[in-house]
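# Coordinate inspection notes
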Amino acid sequence: MNPSGAVQRCAWANTANPRYLAYHDCEWGVPCHDEVRLFEMLNLEGAQAGLSWETILNKRDNYRAAFDGWDAGKIARYDAVKVAALLADAGIVRNRLKIAATISNAQAYLRLCEEMGGLDAYLWAFVDGQPIRNGWSDRQQIPAKTSLSDRISKDLIKRGFKFVGSTIIYAYMQAIGMVNDHTVDCHCYRVDVV
């Protein structure tokens with residue numbers, strides 16, 4: 001709490017959008033080990049490229065419906081008819097490259113599952129199973145990418161994933177709690193993240 005009694009949050013959290021506040025308070029920076037959500041967030045972060053996160057977050061339920069609850073097995077088999085339906089769906093970002101990337105990502109994800117057991121095992125191995133907890137006092141200090149996001153991005157690209165540049169991957173790492181970048185004055189910073 002700040003002196004006025006209001007809950008203190010990261011400066012980027014849009015207090016006018018309840019969906020955004022719930023995302024900030026309950027998801028962002030919280031370690032995630034759920035395979036479906038890890039796959040969902042990877043694709044949503046890619047869909048955000050060139051747009052605001054709030055735009056994607058507001059369409060999240062539509063994405064879940066349009067992409068079969070993020071069932072990678074189904075998405076990997078999407079055909080031209082399904083792609084045409086997605087391109088006509090006003091509830092999602094109708095970008096042909098991003099839709100194609102989601103299908104490619106589903107195929108790459110299934111290969112990753114066979115080889116590594118899934119995104120959970122793969123991603124958390126990069127940080128020895130423990131989130132990186134930074135101590136930023138101002139959001140301007142938070143990097144857009146790091147050497148670790150560079151490394152993960154390069155590896156994912158090698159594995160056939162699309163829309164996984166280093167900046168997207170760093171945002172993804174924050175979203176799934178591999179990195180806790182809540183500023184030190186935010187009420188979420190002190191939350192037990194273990």
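Cut-offs used in this document
Residues numbered from 1 in each chain as written. Predicted model: local features only at pLDDT ≥ 70, side-chain atom pairs only at ≥ 80, totals over all residues. Heavy atoms only, no water. Salt bridge = Lys/Arg side-chain N within 4 Å of Asp/Glu carboxyl O. Helix = DSSP H or I, 4+ residues; strand = E, 2+ residues; numbered from the N terminus. Buried < 20%, exposed > 50% of the residue type's maximum accessible area, 1.4 Å probe, protein only. Core = buried A, V, L, I, M, F, W, Y, C linked by side-chain atoms within 4.5 Å. Contact = heavy atoms within 4.5 Å. Phe/Tyr/Trp six-rings, centres within 6.5 Å; stacked < 30°, edge-to-face > 60°. Lys NZ or Arg CZ within 6 Å of the ring centre and 35° of its normal. 1 Å grid on protein atoms, 1.4 Å probe; cavity = no way out; pocket = protein on both sides within 12 Å on 5 of 7 lines; lining within 4 Å. Points joined across faces, edges and corners; volume = space filled by probe spheres on them. Nonpolar A, V, L, I, M, F, W, Y, C, P; charged D, E, K, R; others polar.

Our next topic: the pattern of salt bridges. Tallying each qualifying case throughout the model produces eight salt bridges. A salt bridge links Glu27 to Arg37; the shortest N-O distance between them is 2.8 Å. Of this pair, Glu27 sits in the loop between helix 1 (18-26) and helix 2 (35-48) while Arg37 sits in helix 2; the two residues are ten residues apart in sequence, bridging distant segments of the chain. The class for Glu27 is buried, based on a relative accessible area of 19%. One salt bridge in this structure joins Arg60 and Glu27, with 2.8 Å as the shortest N-O distance. With Arg60 in helix 4 (residues 60-66) and Glu27 in the loop between helix 1 and helix 2, this pair connects stretches of sequence that are 33 residues apart. In this structure, Arg60 and Glu27 share a single accessibility class: buried. The network of salt bridges with shared partners includes Glu27, Arg37, Glu40, Arg60, Asp61 and Arg64.

Core analysis: the largest hydrophobic core is formed by 56 residues, its most contacted members being Tyr63, Phe67, Leu119, Leu123, Ile152 and Tyr172. Excluding anything up to four places from it in sequence, Tyr172 contacts Leu38, Met41, Leu42, Glu45, Leu119 and Leu123.

This model, assessed by the stated rule, comprises ten aromatic pairs. Measuring from centroid to centroid gives 6.0 Å for Tyr63 and Phe67, while their planes differ by 10 degrees, and the two rings are stacked. Classification of Phe67 by relative accessible area gives buried; the value is 1%. Feature note: the residues Phe39, Tyr63, Phe67, Trp70, Tyr78 and Tyr109 constitute an aromatic cluster, connected by ring pairs. In this structure, Arg133 packs its charged tip against the face of Tyr189, placed 4.7 Å from the ring centre.

Moving on to the layout of surface pockets. Where empty space is left becomes clear once a probe the size of a water molecule has been rolled over the atoms. Counted as a void, the largest pocket has a volume near 530 Å³. Broken down by secondary-structure element, the contributors of at least two residues to the lining of the largest pocket are helix 1, helix 2, helix 3 (53-58) and helix 10 (166-175). The element that contributes the greatest number of residues to the lining of the largest pocket is helix 10, accounting for five residues. Grouping the amino acids of the lining of the largest pocket by side-chain chemistry returns twelve nonpolar, four polar and three charged.

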